Amino acid sequence: MKNKRIWGVLWLMGFAYGFAQDNDSQKVDHDVELELEAEYRYFFDAARFDGQEEHYPALSFRPEYSASWDKGYQSINFQGFLRLDRDDERTHWDIRELYYQRAKGNWEVSLGLRKVYWGVIESNHLVDIINQTDAVETFDGEEKLGQPMVQFSWITGSFGTFDFFYLPYHRKRTFAGREGRLRFGTVIDQDDLGYESGAEEWRQDVAVRWKHYFGIFDIGLSHFHGNGREPLFTFEPDGTINSFYPVIDQTGLELQVTHDAFLWKLESIYRSARAQDFFALAAGLEYTFSNIDGNGLDIGVLGEYLYDERDQLALTALQNDVFLGSRIAFNDTADTAVLIGGISDLKSSSKIFSLEASRRFGSTWTAEVEARIFGSIGENELILSNFRDDSFLRISISKFF
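Summary of the structure given here.

1. Focus: the side chain of asparagine 320
Part 1 of the argument: Mapped onto the elements of the fold, asparagine 320 is located in strand 17 (residues 320-329).
Part 2 of the argument: For asparagine 320, the contacting residues outside a window of four places in its chain are Tyr305, Leu306, Ser344, Asp345, Leu346 and Lys347.

Structure (structure tokens):
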């Protein structure tokens, strides 16, 4: 089934591209890029589970291609991804994006595999529901799998923008394998995760989103109906884990207020399912001290509160927590940037400290450093307790062609 889906999308892309090439009056502009990345992850503590290691070298390849014509109103876009890693489950490939897009007047349509991002909060992306999380790629859940979709956008001007989504296929989340870190005591095979829906991954999902701005206010309202992107887990006394993807309805709100150097942010969702209903909220602010040294140095201070009614069953483990951090942008020719922060549980001693930094060297090289430190994780933390020995440092060097 997976191969049929991929070949179907490829045929569609080829048809659209061939149409453009056959029309002599259309000039097609091509753009090709490739990123090669060497990555090394070092885990500070000895492995908790059998099969795990402390050193994880990896390689990744990210090719991109785009072709546009009709004065840019029509295009084909492709982003690929391949990771080679010691963990068999983290060794994977994906078509992040492969879609045809056409814009005309006040509407735009996209057909194929795409990545769509919703949200304004730094530490937890509650409303972001369209794409499945690539859980083996990053701990923070920011990497996403390509989602097959038809997206229609209607830009009304004074009434905002309406986005309509038809999502014909659900993609399962992949979890770390036996040799991987940041995993549960029981290795979770994605093939073992079932569905509440009898149509399983072929259940036809839909979503709609409205976004607009009023002066200093930016607002978004969304609703999703279909297979949830998060599996629902139940933990048995003997340590076994049962899980499936429920059919859900999720209504989301995004709000951002920009006032001078302040950004006030809010995300909230209400998700209902036959097995579980819950409310979640993330709210915070960001204040930026601009051009501090007269050479472009910007320092932003962030504070966010995170709440989830699921308590310890929340997959993000962010159920009653506070995030404090700082975003530092040097605004130099090397695009040097640093994000540091920490999340503290208000009900327990659990803490997560993080560091993300990047800098470009020359015009084609980029270095990144990432660190995650898990501190004082209690045994009562059903999710985080599995990761308490998985503090790590990640270093990567990328070359762009």
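2. Focus: the side chain of glutamate 201
Part 1 of the argument: Within the secondary structure, glutamate 201 is located in the loop between strand 8 (194-195) and strand 9 (205-214).
Part 2 of the argument: Summary of buried charges: glutamate 201 has no salt-bridge partner, and the nearest side chain of opposite charge, lysine 172, is 6.1 Å away.
Part 3 of the argument: Beyond its immediate stretch of four places on either side in the chain, glutamate 201 contacts Pro168, Tyr169, His170, Tyr195 and Asn227.

3. Looking at a nonpolar patch on the surface
Part 1 of the argument: A cluster of nonpolar side chains, contributed by Leu59, Leu82, Leu84 and Trp93, occupies part of the molecular surface with about 350 Å² of accessible area.
Part 2 of the argument: Mapped onto the fold, leucine 59 is located in strand 2 (residues 55-69).
Part 3 of the argument: The class for leucine 59 is partly exposed, based on a relative accessible area of 41%.

4. Some points on the environment of phenylalanine 262
Part 1 of the argument: Within the secondary structure layout, phenylalanine 262 lies in strand 14 (residues 262-273).
Part 2 of the argument: For the pair formed by phenylalanine 262 and arginine 178, sequence separation is 84 residues and the distance between their alpha carbons is 45 Å.
Part 3 of the argument: Apart from residues lying up to four places away in sequence, phenylalanine 262 is in contact with Val257, Glu286 and Tyr287.

5. Thoughts on the nonpolar core
Part 1 of the argument: By size, the foremost hydrophobic cluster in this structure holds 24 residues, and its most contacted members are Trp118, Ile130 and Phe165.
Part 2 of the argument: For this core, the secondary structure elements donating two or more residues are strand 7 (161-167), strand 14, strand 15 (278-289) and strand 16 (298-308).
Part 3 of the argument: For this core, the element with the most residues is strand 15, which contributes 3 residues.
Part 4 of the argument: With 19 residues, the next largest nonpolar core counts Phe184, Leu193, Leu315 and Ile377 among its residues.

6. Side note on the pattern of salt bridges
Where charged atoms from two side chains of opposite charge come close, those side chains can pair.
Part 1 of the argument: A complete count under the given rule lists 35 salt bridges for this structure.
Part 2 of the argument: Linking glutamate 196 and arginine 274 is a salt bridge whose minimum nitrogen-to-oxygen distance equals 3.5 Å. Taken together, the residues glutamate 196 in the loop between strand 8 and strand 9 and arginine 274 in the loop between strand 14 and strand 15 connect sequence positions 78 residues apart.
Part 3 of the argument: Taking relative accessible area as the criterion, glutamate 196 reaches 28% and is therefore assigned partly exposed.
Part 4 of the argument: Here arginine 394 ties to glutamate 370 by a salt bridge, and the two come within 3.6 Å at their closest N and O atoms. Taken together, the residues arginine 394 in strand 21 (residues 392-400) and glutamate 370 in strand 20 (residues 365-375) connect sequence positions 24 residues apart. Assigned by exposure class, arginine 394 and glutamate 370 land together as buried.

7. Details of the pairing of strand 2
Part 1 of the argument: Pairing of strand 1 (residues 29-43) with strand 2, which is carried by 14 bridges, proceeds in the antiparallel orientation. In the strand pairing of strand 2, valine 32 is matched with tyrosine 65.
Part 2 of the argument: Of the strand pairs in this sheet, strand 2 and strand 3 (residues 74-85) are connected by 10 bridges, and their pairing is antiparallel. Residue tryptophan 69 lies in a different strand from strand 3, and its bridge partner there is glutamine 74.

Parameters at a glance
- Residue positions are given per chain, counted from 1 along the sequence in the order it is written.
- At least 70 in pLDDT is required for a residue's local features to be given in this predicted model, at least 80 for side-chain atom pairs to be given and counted, and no such filter applies to totals for whole chains, interfaces and linings, which use all residues.
- Note that the side-chain values use all heavy atoms of the structure and ignore hydrogens as well as water.
- Note on conventions: DSSP H or I runs of at least 4 residues are helices, E runs of at least 2 residues are strands, and numbering of each starts at the N terminus.
- Contacts are assigned to residue pairs with any non-hydrogen atoms lying within 4.5 Å of each other.
- Under the scheme applied here, a residue whose accessible area is under 20% of the maximum for its type counts as buried, over 50% as exposed, and between as partly exposed, the area being computed with a 1.4 Å probe on protein chains only.
- The convention is simple: Lys and Arg are positive, Asp and Glu are negative, and His and the chain ends are not counted.
- Only one rule defines a salt bridge in this text: a Lys or Arg side-chain nitrogen within 4 Å of an Asp or Glu carboxyl oxygen.
- The residues that make up patches have over 30% relative accessible area and no salt bridge, and they are joined within 9 Å when like-charged or within 5 Å when they are Val, Leu, Ile, Met, Phe, Trp or Tyr.
- Every accessible area reported is derived by Shrake-Rupley at a probe size of 1.4 Å, with residue values counting cover from the shown protein chains alone.
- By nonpolar core is meant a set of buried Ala, Val, Leu, Ile, Met, Phe, Trp, Tyr and Cys residues that side-chain atoms within 4.5 Å join together.
- Any two strands with at least two DSSP bridges between them are considered paired.

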